Amino acid sequence: MLRFTLTRLLSLCLSLAVASVVIFAAIEVLPGDPASIMLGVNAQPDTLAALRAELGLDQPMAARYLDWIGGLLRGDFGISYTYRTPVVEMIGDRLAVSLPLALFSLALTIVIAFPVGIWAAARRGSVADVAIMGLTQLGVAIPNFWFAMLMVLVFAINLQWFSAGGFAGWDAGLFPALKSLTLPAIALALPQASILARVMRSALLDTLSEDFIRTARAKGLSRREALWRHALRNALIPVLTIIGMQFSFLLAGGIIIENVFYLPGLGRLIFQAISARDLIVVESVVMLLVFAVIVVNFLVELAYAAVDPRLRAR
Amino acid sequence: MSHSQTETGAPTEQGTLAAALRNRNLILGGLLTLVFLGAALISFVWVPYDVTQMAIANKIKPPYAEHLLGTDHYGRDILSMLMVGARTSIAVAVLAVGIGMVIGVPLGLWAAAKRGSLLDEVIMRGNDLVFAFPSLVIAVMITAAFGPSATNAIVAIGIFNIPVFARITRSGALTLWNRDFILAARVAGKGSARISFEHILPNVLNLLIVQGTIQFSLGILAEAGLSYVGLGAQPPTPSWGRMLADSQTFISFAPHMALFPGLAILLTVLGLNLMGDGLRDLFDPKLRRGRT
């Protein structure tokens, strides 16, 4: 297990290093000089040069890359070009929306998918199973931002149960804050729950066809008992892998849904930063999301290997 | 979902046709896909109204006899916009799948031919790396760096198709390399590159077609998402995602503007997914199970 963890850790670091180079290189290509955007068209050449020096833009590219990476490692993400505040604080504020949104929708995904998937597997081939699988096909195919718009129309505009957008803020109390995240979380969760329910069902059906289930049945367990006592635990392994992937997807995928609901999360931040050519913010947000995804994948893989020793040999 | 009847044995030509006709997923998915492809093709020669012409006097009309799906905020006919928009979706998704196949399939074949070597390892680890990136964020970054356009959306979506095709090609090819007919080809003196293209590739084609259909549907969803946030095809080129973005301001009093483009995306993606399931059942009855 130690050897496995170390090799995985090495590949994690390698992935992060490559990711940082790719992100830095891509952002460097962005047209537009941040200094001249900040000072406007009438800027004097010497003030422009002074600002470029202050922002470190006159340094060679390699030096700026190392500077950026060194800062990231020390938790110093630099100063936003447009807002002149530390990027770390900006990201922290936005993360207070995006992270709870991702967790909320992940919880919804699991709460919907588990019973649905188990129920369908227990009744394989029945009308209910066929109907559920048909519905999940719809859920997989629906664009989540469109579903979000439809929910705004129904629940915010017509029924007025929710506000159509914006975030109440955590200062307003837990309930109002969660309430303003509810529709976005449902919109994010629906397609993921459909995928997870299908994974759950097929993982259960896979397990149910294995020999040890036949043994359990031969010992007198009913199909349903065998499912609950033996199959479910074994089917959870692929299901947990998918959940890990879905969390990173929900965190990153929130950036479009945040736009539908005008939520002040990382997604809004990244789009604002792109249009303002606030390169340092774009770089940092993208790097943070990539970091989160790679680390979550790594943890899932470790958990997976801890549960199933066969995988360590790979 | 599919409990159709392709249960037994290796199909003959006739058997395949009969199985295809009894495969509900394939029929329904195929029909939906045909409607979508047909709409795009017809739009080249005929659309109900010219989508480049604004008719402000006629703006935001709900569906009625002259405009079957209503008009948008510039008075353009929504049905015509959807037909032309289908071209954008198809072009982006097809080219993105094309990028994935053209680069991914040879990589997969190469890795399988040199299985166990350092090259195989490098290719597969590279795939893992691309896989680990959150595709949407990278797509946003690419379109932000190089400017929003359909071309950049294609590249952004296409990059993430490469590891998908490389993996599926490699795993399909690996099982084939142990088969007798490959051994026969080697005895006949053929090199591994020639064997890969002459014998392995035709035998993994089924896998590639099924995966291609699925990636095509994912490409359509991704294109819609990117153009919804303004990073896909730029106006005046109609695209479904863009139509949805435009409709958002008017949703409280003109829900039809949001309804139809969304339905178009939903039905197209659904059709392609069902067709992918159906094709898989047809090619390999053993694998028949709810797709994930």
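Analysis parameters
Residues numbered from 1 in each chain as written. Chains lettered and ligands numbered in written order. Predicted model: local features only at pLDDT ≥ 70, side-chain atom pairs only at ≥ 80, totals over all residues. Heavy atoms only, no water. UniProt positions renumbered as here; feature names shortened; annotations may be inferred. Helix = DSSP H or I, 4+ residues; strand = E, 2+ residues; numbered from the N terminus. Salt bridge = Lys/Arg side-chain N within 4 Å of Asp/Glu carboxyl O. Buried < 20%, exposed > 50% of the residue type's maximum accessible area, 1.4 Å probe, protein only. Contact = heavy atoms within 4.5 Å. Buried area = accessible area lost by both parts, 1.4 Å probe. Polar contact = N/O pair within 3.5 Å; in protein donor to acceptor, adjacent residues only side chain to side chain. Phe/Tyr/Trp six-rings, centres within 6.5 Å; stacked < 30°, edge-to-face > 60°. Patch = residues over 30% accessible without salt bridge, like charges linked within 9 Å, V, L, I, M, F, W, Y side chains within 5 Å. Areas by Shrake-Rupley, 256 points an atom, 1.4 Å probe, with all protein chains shown as cover. Core = buried A, V, L, I, M, F, W, Y, C linked by side-chain atoms within 4.5 Å. Domains from an automatic or database assignment.

Trainee: Looking at this structure, how should I read the UniProt feature "domain: ABC transmembrane type-1" (unreviewed entry) in chain A?
Mentor: Feature annotation in UniProt assigns "domain: ABC transmembrane type-1" (unreviewed entry) to the following positions: residues 95-300 of chain A. Helix makes up 83% of residues 95-300 of chain A and strand makes up 0%, while its end C-alpha atoms are separated by 22 Å.

Trainee: How should I be thinking about the pattern of salt bridges in this particular structure?
Mentor: Side chains that differ in charge, positive against negative, can pair when their charged atoms come close. This model, assessed by the stated rule, comprises eight salt bridges over all chains. One salt bridge in this structure joins Asp277 of chain B and Arg198 of chain A, with 3.9 Å as the shortest N-O distance. You can see Asp277 of chain B sitting in helix H10 (residues 256-283) and its partner Arg198 of chain A sitting in helix H8 (residues 174-208), one on each of two chains. The class of Asp277 of chain B is buried, set by a relative accessible area of 4%.

Trainee: Can you help me understand the interface of chain B and chain A in this one?
Mentor: You'll often see interface size given as the accessible area lost when the parts meet. Between chain B and chain A, the residue contacts involve 41 residues of the former and 49 residues of the latter. Surface buried jointly by chain B and chain A totals about 4100 Å² across both partners, of which 78% is contributed by carbon and sulfur atoms. Here chain B and chain A share one salt bridge between them. One can count three residue pairs in polar contact (both at pLDDT 80 or more) joining chain B with chain A.

Trainee: Please clarify how the UniProt feature "transmembrane region" (unreviewed entry) in chain B should be interpreted in this entry.
Mentor: Sequence positions flagged by UniProt for "transmembrane region" (unreviewed entry) are, in local numbering, residues 26-49, 90-109 and 250-272 of chain B. This span, residues 90-109 of chain B, is 100% helix and 0% strand, and a straight line between its end C-alpha atoms measures 27 Å.

Trainee: When you look at the packing of aromatic side chains in this model, what are you seeing that I'm missing?
Mentor: The geometry of an aromatic ring pair is captured by two quantities: the separation of the ring centres and the angle between the planes. Residue and element names in this part refer to chain A. With the rule as written, the count across this model stands at nine aromatic pairs over all chains. Here the aromatic rings of Phe167 and Trp170 are separated by 5.8 Å at their centres, their planes lie at 70°, and the arrangement is edge-to-face. Exposure remark for Trp170: the relative accessible area of 33% places this residue in the partly exposed category. Pairwise contacts between aromatic rings join Phe24, Tyr65 and Trp68 into one cluster.

Trainee: What is the right way to look at the side chain of Thr88 of chain B in this model?
Mentor: Residues and elements named next belong to chain B. For Thr88, the location among the structural elements is in helix H3 (residues 78-113). Accessibility expressed as a relative area gives 8% for Thr88, which makes it buried. A polar side-chain atom of Thr88 sits 2.8 Å from the main-chain carbonyl oxygen of Pro238. The residues touching Thr88, leaving out its near neighbours within four places in the chain, are Glu223, Ala233, Thr237, Pro238 and Ser239.

Trainee: Honestly, a nonpolar patch on the surface in this entry has me stumped. Any pointers?
Mentor: Residue and element names in this part refer to chain B. The grouping of Leu17, Leu21, Ile27, Leu31 and Leu34 at the surface amounts to a nonpolar patch, some 510 Å² of accessible area in total. Secondary-structure elements contributing two or more residues to the nonpolar patch are helix H1 (13-22) and helix H2 (24-45). With three residues, the single largest contributor to the nonpolar patch is H2. Inspection of the secondary structure puts Leu21 in helix H1. Under the relative-accessibility criterion, Leu21 is labelled exposed at 61%.

Trainee: Please clarify how the nonpolar core should be interpreted in this entry.
Mentor: One recurring pattern in soluble globular proteins is that nonpolar side chains are buried together. Counting 172 residues, the largest nonpolar core has Leu204 and Val286 of chain A together with Ile200 of chain B as the members making the most contacts within it. The greatest single-element share of this core, amounting to 16 residues, is contributed by helix H12 (residues 279-307) of chain A. Summarising the domain contributions, this core has at least three residues from each of domain 1 (2-74) and domain 2 (93-313) of chain A. Not counting chain neighbours up to four residues away, the residues in contact with Ile200 of chain B comprise Leu109, Ala173, Leu176, Trp177, Ile182 and Ile195 of chain B.

Trainee: I keep staring at the domain arrangement of chain A and nothing clicks. Help me out?
Mentor: Residues and elements named next belong to chain A. Assigned domains within chain A: domain 1 (2-74) and domain 2 (93-313). Averaged C-alpha coordinates put domain 1 and domain 2 at centres separated by 33 Å. With 19 residues of domain 1 in contact, the opposing surface of domain 2 contributes 18 residues. Carbon and sulfur atoms make up 82% of the surface buried where domain 1 meets domain 2, a total of about 1800 Å² over both sides. On the domain 1 side of the interface with domain 2, the three residues burying the most area are Phe4, Leu16 and Ile27, jointly 30% of the side's total.

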